[in-house]
Structure formats: C-alpha cells, structure tokens
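Fold and contact review
So you can see what is in the structure, the chains are spelled out below.
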Amino acid sequence: MTAPNPTLRQRQLAMRLRELRHEQGLSIADVAEHLLCSATKISRIETSQRRASLRDVRDLCRLYRLPESQAAELMNLAKDARRKEWWQDYDDANFQPMLGLEAGASAITEYPITMIPGVIQTEDYARAVIRGWLPRIRPDILEERVKSREKRKNELIYRNDPPRYWVLLDESALHRHVGSRQTMHEQLHHLLELSHLPHVTIQVIPFTAGAHMGFDSPFRLVEFDRKSGIADIVFVEHQIGLFYTEDDEKVLLFREIIDHVRAEALGSQESRNRIATIATNFT
C-alpha cells in the first residue's frame, strides 16, 4: 500500500481546520486568542503554509468540541503530514511544496515555452539549464540539483501509478541549443522515447501557430483526484520565485488557455515526426 503523501495530508488538514472554524462562527483572531498564539500562525496553518503540530491540532479539536472519532481523524492527518519524503531534502525550500503536490497529482499539464520541462530533461540537458540560470552555482550544488531532477523524473514518470503527464511544447524549445549538439540530440531522442509511454503525451506547438492565448505565459497545471478534496493548482515559475494560484476563476482561465493551445498543437504522431526531424539537425 502506498504511504500517505504528507504534502496532500497537510493541505487536507488545513482545509478541514478552516471548515471547522467557519462552522463554529469563529474568526482567526478568536482562535488565536484561545490558543495564545498569533493570528498569522492560525492563518498559515489554515492555508497549508505552516505544518500544524500535534499539540496545535489537539488544542483546536478541544476548542471546536469535536467528538473523539473526528479528533482522532485530524490527529492522524497531522501525523501523516509530518512524514519525511524525498522532496523535503531538495535544497530549494520554495520548490518543496510543488514537488510534494506533483507526487500526489492525478494529472499534470506543462506549458514551458522556452525549454524542455525539468521532469523530462536528461542529466546533461538539466546540467546545462541550471548552469545557464545560475552561472555562479557551486559545482557540488549543481550536481545535487541534477540528481534531484533525475529523482523527480523517476518518482513521477516511471513509478507504478504515475499521473497523466501532458506537455505542450513550443517548437522553439526543440531548436534552442542547450548544452552541446550531443546533449540536444540525446534530449530530443529522450522525448521520443517518453512519448510512447501510455501516460505521457507530448504535443509540439509549431512556429506556424503564430500568436495564441498562451503565447507568453509558461505554467504548470497540477490536478488531483476529486475524492482527495484538494483544489487543482496552477504554478508559474519565474527567475524571482515560484508562484501559484488555486483560485477557481484563475484556474479556469488556464484551463481555457490549455484548450486553445492543444487545438493549435500538432497531434501526437505529427509531434514525434517533428521532434525526430529536428533531432537530425544535431547529429
């Protein structure tokens, strides 16, 4: 049996605690006063930005006068949320929540525009990308990040129960020289291999598509099984950080962008043919 995903458990716990407070007609300030802590702490717990301690959950269960069975359920969620997983060792703490959410996703759609997404990069391509983004990075940190990307790929693409993974790849990313010609040749052939996996779809958006809804908005849509109660999330990665939204209207906008971009993209086999043709330029 698959162990509970601590990142998803933390979000489920946050959502349940927020619902319970609303049911009790209490404000965040009211709860903070009862627990002798700051309102900021309660807000961060309820938005999953801070992991609740077992003592926090125990005190909240008492405040909300929960029956023993419900209190036990919340305590179990809190315990599961404190489990250690591989992504918590990632050296960039800003990316840890995203990696944890990816690990619990039912589907992921990538629209990266300028480069091959990190999840499906070869080691040499990843090394060249990271060095390009961070030219002063220490060699040991560089290698740690390359290994982390490879670990991420293995945990996401090659595991027994992988999410559906769909990449909408701008043709420019296939032509851009990242690393050596050999690096590009191997990366493009790696894409071809991955495209034959049953849960992976790679579509190329040709130059002839011109301007379209997603012309300058790279993003990643992470979706979850409805039974989990976790809201779907859109991540936007930028040089200054990783931003996300789970606002229904904003997520709906990105879904519309995805629909339009898919309509502009080549079909799966046409995309393979385009990738294979471009790969010959790097032999």
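Parameters and conventions
Residues numbered from 1 in each chain as written. Predicted model: local features only at pLDDT ≥ 70, side-chain atom pairs only at ≥ 80, totals over all residues. Heavy atoms only, no water. Phe/Tyr/Trp six-rings, centres within 6.5 Å; stacked < 30°, edge-to-face > 60°. Helix = DSSP H or I, 4+ residues; strand = E, 2+ residues; numbered from the N terminus. Buried < 20%, exposed > 50% of the residue type's maximum accessible area, 1.4 Å probe, protein only. Core = buried A, V, L, I, M, F, W, Y, C linked by side-chain atoms within 4.5 Å. Contact = heavy atoms within 4.5 Å. Pairing = 2+ DSSP bridges. UniProt positions renumbered as here; feature names shortened; annotations may be inferred. Expected span 1.5 Å × (residues − 1). Arc of directions from axis to C-beta.

Under the defined criterion, the tally for this structure stands at three aromatic pairs. Look at Tyr 111 and Phe 219: their rings are 5.8 Å apart centre to centre, the planes differ by 55°, and that puts the pair in the tilted class. One end of the pair, Tyr 111, is in strand 1 (residues 107-111); the other, Phe 219, is in strand 4 (residues 219-223), with 108 residues separating them in the sequence. Using a relative accessible area of 2% as the deciding quantity, one classes Tyr 111 as buried. Among the residues examined, Phe 219 registers a relative accessible area of 5% and is labelled buried. Ring centres 5.9 Å apart and planes at 45° place the aromatic pair Phe 235 and Tyr 244 in the tilted group.

Looking at soluble globular proteins, one finds that nonpolar side chains tend to be buried together. Counting 40 residues, the largest nonpolar core has Ile 120, Leu 174, Leu 188 and Leu 191 as the members making the most contacts within it. Secondary structure elements with two or more residues in this core: helix 6 (96-103), helix 7 (123-133), strand 2 (164-170), helix 9 (171-175), helix 10 (181-194), strand 3 (200-205), strand 5 (233-238) and helix 12 (268-279). Here this core gets five residues from one element, more than from any other, and that element is helix 10. Setting aside residues up to four positions removed in sequence, Leu 174 forms contacts with Ile 116, Leu 169, Met 184, Leu 188, Leu 191, Val 204, Ile 275, Ile 278 and Phe 282. Listed in part, the 19 residues of the second largest apolar core include Leu 17, Val 31, Leu 60 and Leu 74.

Before going further, it helps to examine helix 6. Burial analysis of helix 6 places six of its eight residues in the buried class, which makes it a mostly covered element. Within helix 6 the residues assigned to the buried category are Gln 96, Met 98, Leu 99, Gly 100, Leu 101 and Glu 102.

This part takes up the pairing of strand 2. Among the seven residues of strand 2, five are classified as buried, and the element is accordingly described as predominantly covered. In this sheet, strand 2 lies alongside strand 1 in parallel orientation, the contact comprising four bridges. Residue pairing in the sheet places Ile 108 in a bridge with Tyr 165 of strand 2. Where strand 2 meets strand 3, six bridges bridge the pair, whose relative direction is parallel. Note that in strand 3 the partner of Trp 166 across the bridge is Thr 201.

What follows deals with the UniProt feature "domain: HTH cro/C1-type" (unreviewed entry) in the protein. When the UniProt feature table is mapped to this numbering, "domain: HTH cro/C1-type" (unreviewed entry) covers residues 17-71. Counted over residues 17-71, helix gives 67% and strand 0%. Its end C-alpha atoms are 11 Å apart.

So, about helix 12. Residues three or four positions apart in an α-helix share a direction because the helix packs 3.6 residues into each turn. Taking 1.5 Å of rise per residue, the twelve residues of helix 12 would be expected to cover 16 Å, and the 16 Å separating its terminal C-alpha atoms lies within 8% of that figure. All of the buried residues in helix 12 are Ser 271, Arg 272, Ile 275, Ile 278 and Ala 279. Burial along helix 12 is one-sided: seen end-on, the buried residues are contained in an arc of 130°. Where helix 12 is buried, its residues contact helix 9, helix 10 and strand 3.

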